Structures are given as structure tokens and as C-alpha cells.
Amino acid sequence: MKEAKIIAIGDNVVDKYLSRGKMYPGGQCMNTCVYSKMNGGVPAYLGKFGDDAVAEYNCMILDKLGIDYSHSRHFHGENGAARVTLYNGDRVFLGSNRGGVAKEHRYSFTGEDMDYISGFDIIYSNTNSYILQDLPLLHSTGVPIAFDLSTEWDKGLLDQVCPYIQIALLSCAHLRDVDREREMRRVADYGVRLVIGTVGEAGSYALYEDEILFMESCHADKVLDTMGAGDSYFATLLTALLQDEAPLFEANHAKMRIRLLHAMKLGAEFAAKVCGMEGAFGYGTAIVE
């Protein structure tokens, strides 16, 4: 089994659960690193930290988990933070500081950064990471880019993102089946090789070489918190694909189909486990302001 080397470039936050009086480390990129690590991957994080207690806490968690963040940026100001509550086990966002210092500063990637990034198998990012203007540069490394488009996208966003990525995730639980398939095919028409559409408890779909595959969701024995369910599915799927000895996109379609279904199944199983964790992946502590 190969190492799965994912570099997640973008957001880290804490989720402040007002209903619990606790905050938990999170953010889609930080979550992706942690979930990949839990599945045997060798991830790294490159993002933007503030210099407050929230940033200090997230750095401490990354240190504890052995996830490299040595190429991240540190700025004066607030780290990313969100306010959250729970309603019947589902997380409900109440607001955020929109990434704190992350929205105020560019990455300004150096040659050293680019050499470092080039050593990974996949770059992961998302719409919360203030990364859109850097996608052409990251694409120039030759490292495939996997991008989470979340629940909302329009032609303007797709025009900015899709020419530079190889894998896309769409959260489609709010769409009818016919609309989900239309949107997945719209993304694929840009040349995106693999498009994943998740529909929560109704399972997930993959569009690859004009064929749509389906994988049912897995039952969660207990649901404490749905935070991170989508991130855990996607991180596990990417990690599983990379751990295979074959190339990421192998020429034998039948074998690729089997690999995809296996990765989707592992993603569904792990997402069900994550629903039994507090926060995105635990490590709660008292809220600090």
C-alpha cells in the first residue's frame, strides 16, 4: 500500500459550540488532514493562523497529531472561528469571522513553497480558503487538485475553479436527483475527471468517464454531531484512492470502477463513525474569546 500524501491548503478554525460551552478544532482543510491521518495517510497542512489563543490551540492539536504545518503563515490578528449550536444532533452555524486573518492576507507562495507542494500526491482545498486566485499557480505544479465546492456554485465560480482541478466534490442533499446529475455533468464538462456528489443519508454518487456510480450511506450507531461528515467522507475517499498501487486515474476502466466503489464505501463507513464524535474530530476545550 502506497503512502497517501495529501496537502490541504486553506482554512483552519475553531467551532465554538454555544450549546456546550466548548470549542473544537476544525475547518475543512484541517479536518481533511486529521481524517486522512486517521485512515493511514501522510497529510500536511498549509494555511493561515492568527496569533490569538484559538490559533495557539489549533497549532497544539496539529503538533499532537503529528501533522506538518511548517509552511503555514502566521499573522497578527484573529484566527478563523465559527459559532455553532446543535439541533437534534445536526450542527447549525450561527455565524463566523469569515476566516479572521485568512481573508486579509494572500498566501504569496514562494519558490520553496512550490517545491514543497510538488512533493505531494494531491492538493486539497475548498471555497472557504481564499485560494481561487492561486489555483493557476498551484495547477502549474502538476499535482492534481481536489476541490470541495460545497452546496453553492454558479458559472462564475465554476469558471474560476474547474479548469484547474481534477476532482470535485458537490454537496447535493438539497437537489433533486435530476438536478444533482445535471450539476455533476456540468462540472465534468470543464474537464474535471472525477466528480463526487454527496446526498447525506441518501448516499453518494461518482461521475467518472461518463459513468455514474452509487454508494449507499452507512448507518451511524450513534449520532452526537454531524460536523465534519462530508469532510471525512471526501478525505477518506482521496486517501483510499492514493493508497492503491495503481496511478490515481488508471487506464483500465473496470479496475478504476472497483477502486472508486471501494473508496466510496470506506468514505461512507468513516463518515458514520465521525458522526459519533463531538465537534469535527473531538479535542474540545473551554471556549476562549
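Residues numbered from 1 in each chain as written. Predicted model: local features only at pLDDT ≥ 70, side-chain atom pairs only at ≥ 80, totals over all residues. Heavy atoms only, no water.

Where do I start with the packing of aromatic side chains in this structure?
Aromatic ring pairs: the centre-centre distance and the angle between the two ring planes describe each pair. One pass over the full model with this rule turns up eleven aromatic pairs. Centre to centre, the rings of Y45 and F49 are 5.8 Å apart; their planes meet at 70°, and the pair counts as edge-to-face. One exposure class covers both Y45 and F49, and it is buried. Consider the rings of Y205 and F214, whose centres lie 4.9 Å apart with planes at 50°: the pair is tilted. Given a relative accessible area of 15%, Y205 falls into the buried group. Grouped by ring-pair contacts, the aromatic residues Y35, F270, F281 and Y283 constitute a single cluster. Sitting over the ring of F120, K5 keeps its end group 5.7 Å from the ring centre. The lysine or arginine in question, K48, covers the ring of Y107, its NZ or CZ lying 4.0 Å from the ring centre. (Phe/Tyr/Trp six-rings, centres within 6.5 Å; stacked < 30°, edge-to-face > 60°. Buried < 20%, exposed > 50% of the residue type's maximum accessible area, 1.4 Å probe, protein only. Lys NZ or Arg CZ within 6 Å of the ring centre and 35° of its normal.)

Could you clarify how one ought to interpret the sheet that holds strand β5 (residues 73-74) in this entry?
Adjacent strands of a sheet pair through backbone hydrogen bonds, lying either parallel or antiparallel. Strand order in the open sheet formed by nine strands is β5-β4-β1-β8-β9-β10-β11-β12-β13, and the pairing between neighbours is mixed. Edge positions in the open sheet fall to β5 and β13 (211-215), since each of these has one partner strand only. Two strands pair when backbone bridges link them, and strand β1 (residues 6-10) and strand β4 (residues 44-49) are joined in this way by four bridges, in the parallel orientation. When the sheet's bridge partners are listed, A8 is paired in β4 with Y45. The strands that helix α2 (residues 53-65) touches are β4 and β5; relative to β4, the one it contacts most, it runs at about 170°. Set on the sheet, helix α8 (residues 253-274) makes contact with β11 (194-198), β12 (204-208) and β13; between it and β13 the angle comes to about 30°. (Pairing = 2+ DSSP bridges. Helix = DSSP H or I, 4+ residues; strand = E, 2+ residues; numbered from the N terminus. Contact = heavy atoms within 4.5 Å. Axes fitted to C-alpha atoms, helices over the stretch in contact; angles between N-to-C directions.)

Where do I start with the nonpolar core in this structure?
Note on soluble globular proteins: their nonpolar side chains tend to be buried together. Formed by 56 residues in total, the largest nonpolar core has its most connected members in I167, L194 and L238. Leaving out residues up to four positions away in the same chain, L238 has contacts with I6, I122, Y124, A146 and I167. Core analysis: the second largest hydrophobic core is formed by 33 residues, F109, L158, I165 and L170 among them. (Core = buried A, V, L, I, M, F, W, Y, C linked by side-chain atoms within 4.5 Å.)

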